[in-house]
Structure formats: structure tokens, C-alpha cells
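Structure assessment
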Amino acid sequence: MAENDAIKFVDDKMNLNRQQDSNWLQVIEECPTRALQFDSKYYNLPEIMQEITKDEAFFKYGGGVTLSGGEPLFQHEFALAILKACKQKNLHTAIETSLFVKREVLAKILPYVDEFYTDLKIFDNDWHKKCTNVDNQVIKDNLKFLLQTDKKDCVIVRTPLIPTLTATKENIGQISRFISSCYDKVKYELLNYNPLAKAKYSYLDKKYYFTENPKLYSNAQLQFFYDIAKQNGIKNLIIE
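**Some remarks on the overall build of the protein**
Along the backbone of the protein there are ten helices and eight strands. C-alpha extents for the protein along the principal axes are approximately 60 × 50 × 35 Å. Looking at the protein residue by residue over its 240 residues, the buried ones come to 38%. Contacts in the protein between residues far apart in sequence, at least 24 positions, make up 62% of those at least 6 positions apart. When the accessible surface of the protein is summed, it comes to about 15,200 Å², and 50% of that surface belongs to carbon and sulfur atoms.

**Focus on the nonpolar core**
Membership of the largest hydrophobic core comes to 53 residues, with the highest contact counts inside it found for Ile-109, Phe-116, Leu-143, Ile-179 and Tyr-188. Here this core takes six residues from helix α4 (residues 76-88), the largest share from any one element. Leaving out residues up to four positions away in the same chain, Phe-116 has contacts with Ile-95, Leu-106, Ile-109, Leu-110, Leu-146, Cys-154, Val-155 and Ile-156. Membership of the second largest hydrophobic core comes to seven residues, among which are Leu-16, Val-27, Ile-28 and Cys-31.

**A closer look at the side chain of Gln-174**
As for its position among the elements, Gln-174 is in helix α8 (residues 169-182). Setting aside residues no more than four positions away along its own chain, Gln-174 makes contact with Phe-123 and Asp-124.

**Concerning the layout of surface pockets**
Roughly 1,500 Å³ of volume is contained in the largest pocket. Lining the largest pocket are 38 residues, with Asp-119, Lys-121, Pro-160, Ile-162 and Tyr-201 positioned closest to its centre. Counting residues per element, the ones that place at least two in the lining of the largest pocket are β4 (92-97), β5 (115-119), α6 (125-132) and β6 (155-160). With five residues, α6 is the single largest residue contributor to the lining of the largest pocket. Its residues placed into classes, the lining of the largest pocket shows 20 nonpolar, ten polar and eight charged.

**A short note on the sheet that holds β6**
With parallel pairing, the six strands of this open sheet are ordered in space as β3-β4-β5-β6-β7-β8. This sheet does not close on itself; its edge strands, each paired only once, are β3 (64-67) and β8 (236-238). Sheet twist, expressed as the mean angle between neighbouring strand axes with direction ignored, is 20 degrees. Where β4 lies against β5, four bridges are found, and the strand directions are parallel. Following the sheet pairing, Ala-94 is matched in β5 by Glu-115.

**Side note on the packing of helix α7 (residues 137-146) against α8**
Viewed as axis vectors pointing N to C, α7 and α8 meet at an angle of 35 degrees, and their least axial separation amounts to 8 Å. The way α7 lies across α8 gives a crossing that is right-handed. Where α7 approaches α8, its residues Lys-140, Leu-143 and Lys-144 are matched on the opposing element by Phe-178, Ile-179 and Cys-182. In terms of residue class, the contact of α7 with α8 is built from four nonpolar, no polar and two charged.

**Points about a nonpolar patch on the surface**
Residues Phe-74, Phe-100 and Val-138 make up a contiguous nonpolar surface patch of about 280 Å² in total accessible area. Counting through the fold element by element, Phe-74 comes out in the loop between β3 and α4. Residue classification places Phe-74 among the exposed positions, given a relative accessible area of 62%.

**A closer look at the environment of Ile-48**
With respect to the helices and strands, Ile-48 occurs in helix α2 (residues 45-52). Put simply, Ile-48 and Ile-82 are 34 residues apart on the chain and 7.9 Å apart in space, counted from C-alpha to C-alpha. Not counting residues within four places of it along the chain, the set of residues in contact with Ile-48 comprises Tyr-43, Phe-78 and Ile-82.

**Notes on the pairing of β3**
Only one face of β3 is covered, namely the face carrying Val-65 and Leu-67; the face carrying Gly-64 and Thr-66 is uncovered. Relative to β4, β3 is paired through four bridges, and the arrangement is parallel. Each residue of the ladder has a partner; that of Gly-64, found in β4, is His-92. Crossover handedness for the path β3 to α4 to β4: right-handed.

Thresholds, definitions, all that
- Residues numbered from 1 in each chain as written.
- Predicted model: local features only at pLDDT ≥ 70, side-chain atom pairs only at ≥ 80, totals over all residues.
- Heavy atoms only, no water.
- Helix = DSSP H or I, 4+ residues; strand = E, 2+ residues; numbered from the N terminus.
- Buried < 20%, exposed > 50% of the residue type's maximum accessible area, 1.4 Å probe, protein only.
- Contact = heavy atoms within 4.5 Å.
- Areas by Shrake-Rupley, 256 points an atom, 1.4 Å probe, with all protein chains shown as cover.
- Core = buried A, V, L, I, M, F, W, Y, C linked by side-chain atoms within 4.5 Å.
- 1 Å grid on protein atoms, 1.4 Å probe; cavity = no way out; pocket = protein on both sides within 12 Å on 5 of 7 lines; lining within 4 Å.
- Points joined across faces, edges and corners; volume = space filled by probe spheres on them.
- Nonpolar A, V, L, I, M, F, W, Y, C, P; charged D, E, K, R; others polar.
- Pairing = 2+ DSSP bridges.
- Axes fitted to C-alpha atoms, helices over the stretch in contact; angles between N-to-C directions.
- Left-handed = near helix turned anticlockwise from the far one by under 90°.
- Patch = residues over 30% accessible without salt bridge, like charges linked within 9 Å, V, L, I, M, F, W, Y side chains within 5 Å.
- Salt bridge = Lys/Arg side-chain N within 4 Å of Asp/Glu carboxyl O.
- Right-handed = clockwise from strand over helix to strand, strands pointing away.

What follows is the structure in C-alpha cells.
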């Protein structure tokens, strides 16, 4: 069915070699049962704006458009085009980004974004590099830049609380001190651990980090991290 060994059966389970340089459109077309399908679709700007305007009736009640991902700024030219088109229609815009982008990209989209949601997961550069294989200095530099623009009150910094990785007293303290030094009224949100993520790893043929999946943090455990953030300079802590 597939060329270049893009698909193999391992232990009676279909395994996709996503690193294989294969014609995936052809692979899918040749799947006899149509069980193999893309879960996404290519759009041009008119097509994506047509999809967006289907919800126009809701926008007048405070809704808007959020670019998310993955990382939407990996396709920054298309993201910018969407944001510009949305502002031409006077739509509220938001973006979820890691800020792992060039400064000039961030500067270009800045006038067209009404709200930023950005994660700062790990403060220590060495630990960040060990966990992600990339340096985090560009993230911190971009965040500092963003928190010193006239959009600083439209930025929400978030840290997902992942046991042993991000949910430590030292990490939350370092992040809190850093972002509050950039802007003393910065908005900060600590997100509870999501145990449902484990199910997605098997779909991607990847091994989950935890042998035993941790549970959600209790209210008392969350309060411990909230207190750390407040003790280290956070005045505007978002608690859901």
C-alpha cells in the first residue's frame, strides 16, 4: 500500500514512520478501507475567513478569533494575514504562542493582536534545553519585550503544572520573579496538570514520560503554588 516503508506493522499494530519522506497523499489515497485519513485541511486566506465569518453572529457578544496550535507563528506570514483580515472586520483577536520566534515576527503581529496567551513552562535554561532540546532565552527576551509594550495588560503568562518538570517551588518562584520584574502588574495563570494527555501519546507511537500517570492537583496543592507565585511578586494571579 505505501512506498518507502512509510507504514509497517509492529506487534500486529500499524506503525506510521512520520520521519519517512513519503508521498502521504498517495499513501492515504491507497488505503483500501479509508481508515487512514488526514485530520487537517489546507486553507487559503479567503477560505479561512469564510470559516471564521460563519460565527459572526457570536462575535457581537464578546467573541472573537484565537490563533492556536501547535505554534501558529511557525506559519507567521499566514497568521499575520489572518490577523490583518480579522481586524479589517473589527474582530477581537487573540493568539496562543510559545514566543519561540524571531523578534521581528512578534513585532509584525503586535498591532493586530488584542490578547496574548503565552506559556513560560521552565525558567532554568539548562533544564529547559534538557526537556525540549532548545534554549529558552529567546522566549524570555520576547516575553520581556512584550511586557514592556502598550499591550502589556493584554498578556496572560501561563505555566502548566507538570509534576517533577514544571511544578516545583524553585521553577514557579523563578518565573514569578522574572515576569513581575518585567511588569509588576503582569497577569499569571497556573494550569492544573492534565492527566488526559497520556492517551494521545499512543496515537503518535510515543512513550509517555510518566510510568504511572499522576492525578490532578488538589485545591490544597494548587494553593501551595499560588502562594509561591504571590510571595515572589505576582499581584494578578488568575485562578479558575
